[in-house]
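Notes for the structure review
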Amino acid sequence: MSGASPNLAADWRSLVRDVPDFPIPGILFKDIVPVLADPAGLAAMTAELTEAARAMQPDVVVAIEARGFILGAPIALALGIGFVPVRKPGKLPFTTRSVAYALEYGEAVLHMHTDALGEGARVVIVDDVLATGGTLEASAQLVTEAGAIAVGAVVALEIGGLGARERLARLPLTALQAV
Ligand code: AMP
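Now for a look at the structure at hand. (Residues numbered from 1 in each chain as written. Predicted model: local features only at pLDDT ≥ 70, side-chain atom pairs only at ≥ 80, totals over all residues. Heavy atoms only, no water.)

The next point concerns the overall build of the protein chain. When helices and strands are tallied, the protein chain shows five helices and nine strands. Helices (α) and strands (β) of the protein chain occur, in sequence order from the N terminus, as β-β-α-α-β-α-β-β-β-β-α-β-α-β. Taken over the C-alpha trace, the protein chain has a radius of gyration of 16 Å; the compact-globule value for 179 residues is 16 Å, and the two agree within 12%. Its C-alpha atoms put the protein chain at 45 × 40 × 30 Å along the principal axes. For the protein chain, the residues scored as buried account for 43% of the 179 residues in total. Across the protein chain, the fraction of contacts at a sequence separation of at least 24, relative to all contacts at a separation of at least 6, is 57%. Accessible surface, the protein chain as shown: approximately 8,900 Å² in total, 56% of it carbon and sulfur. Averaged over its 13 positive side-chain charges, the protein chain has a centre that lies 2 Å from the centre of its 19 negative ones. (Helix = DSSP H or I, 4+ residues; strand = E, 2+ residues; numbered from the N terminus. Rg over C-alpha atoms; globule rule 2.2 N^0.38 Å. Buried < 20%, exposed > 50% of the residue type's maximum accessible area, 1.4 Å probe, protein only. Contact = heavy atoms within 4.5 Å. Areas by Shrake-Rupley, 256 points an atom, 1.4 Å probe, with all protein chains shown as cover. Lys, Arg positive; Asp, Glu negative; His and termini not counted. Charge placed at Lys NZ, Arg CZ, Asp CG, Glu CD.)

Following this line, the structure appears as structure tokens:
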């Protein structure tokens, strides 16, 4: 396959692996690792995400640790714009702003560097999977508190029935696949 151009019609959706009871009993984990391992699948998934992001006319990609980073960086490169990481506590070295939010079980906190975004920058937020929407909502709050504009979010997979669309009603959202 070396030297072959990627098959952009590759069916990356069929490469997503369902892992029952991970990380806790009752959760069906949507594992994109097999997509990442497949050159055509990776190319197709990131190309679709890039076009969804392009439509939002962003100035910058904000992506969420950790799988969001894997997808966000190629999108930023393809669009010729910058990349800003949103990370879990204790990871970012400079001064940060943070948002705490509720998970299905417990609480989580996300951080972003205080100098990461310019005033009025148009931000597209990237992650792999949308479930309850809490992670995207918290990330959009970090963007807004920085004085930037969350113009939309793109995800590869959306798990329906968990209230995310209602929760994120004000955030334009493109999911490549509903599951
Ligand atoms: P939520 O905040 O509930 O929308 O959860 C989204 C975040 O948790 C994303 O960063 C996902 O990577 C991860 N996540 C939540 N549920 C799943 C799932 N069933 N399969 C894979 N990742 C998930």
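In this section: the layout of surface pockets. Considering only enclosed or pocket space, the largest pocket measures out at about 1,000 Å³ in volume. Every residue lining the largest pocket is counted, 34 residues in all, and those nearest its centre are Phe 29, Arg 67, Leu 103, Ala 131 and Thr 135. Counting only elements with at least two residues in the lining of the largest pocket, the list comes to β2 (28-31), β5 (96-102), β6 (107-113), β7 (122-130) and α4 (134-145). Taken together, the residues that form the lining of the largest pocket break down as 21 nonpolar, five polar and eight charged. Counted as a void, the second largest pocket has a volume near 230 Å³. (1 Å grid on protein atoms, 1.4 Å probe; cavity = no way out; pocket = protein on both sides within 12 Å on 5 of 7 lines; lining within 4 Å. Points joined across faces, edges and corners; volume = space filled by probe spheres on them. Nonpolar A, V, L, I, M, F, W, Y, C, P; charged D, E, K, R; others polar.)

Considering the arrangement of structural elements, one finds Lys 30 in strand β2. There is a polar contact of 2.5 Å between the side chain of Lys 30 and the side chain of Asp 18. The contact partners of Lys 30, leaving out residues within four places of it in the chain, are Val 16, Arg 17, Asp 18, Val 129, Leu 157, Ile 159 and Val 179. (Polar contact = N/O pair within 3.5 Å; in protein donor to acceptor, adjacent residues only side chain to side chain.)

Here we take up the packing of helix α2 (residues 39-54) against helix α3 (residues 67-79). Their axes nearest at 9 Å, the elements α2 and α3 cross at an angle of 60°. Classified by the angle their axes make, α2 and α3 are oblique. Considering only the axes of α2 and α3, their crossing is right-handed. Along the contact surface, α2 presents Met 45, Thr 46, Leu 49, Thr 50, Ala 53 and Arg 54, while α3 presents Leu 71, Pro 74, Ile 75, Ala 78 and Leu 79. For the contact of α2 with α3, the per-class residue count stands at eight nonpolar, two polar and one charged. (Axes fitted to C-alpha atoms, helices over the stretch in contact; angles between N-to-C directions. Parallel < 35°, antiparallel > 145°, perpendicular 65-115°, else oblique. Left-handed = near helix turned anticlockwise from the far one by under 90°.)

Right, let's talk about the site of the ligand for a bit. Inspection of the region around the ligand gives 15 residues, with Arg 67, Asp 127, Asp 128, Thr 132 and Thr 135 positioned closest. Within the contact set of the ligand, an oxygen atom lies 2.9 Å away from a backbone nitrogen or oxygen of Ala 131. In this structure, Gly 134 approaches the ligand through a main-chain N or O atom, which is 3.4 Å from an oxygen atom. For the ligand, the accessible surface in isolation is 480 Å², of which the surrounding protein chains cover 84%. With respect to the detected pockets, the ligand is housed in the largest pocket. (Near = heavy atom within 4 Å. Sits in = over half its atoms within 2 Å of the grid points.)

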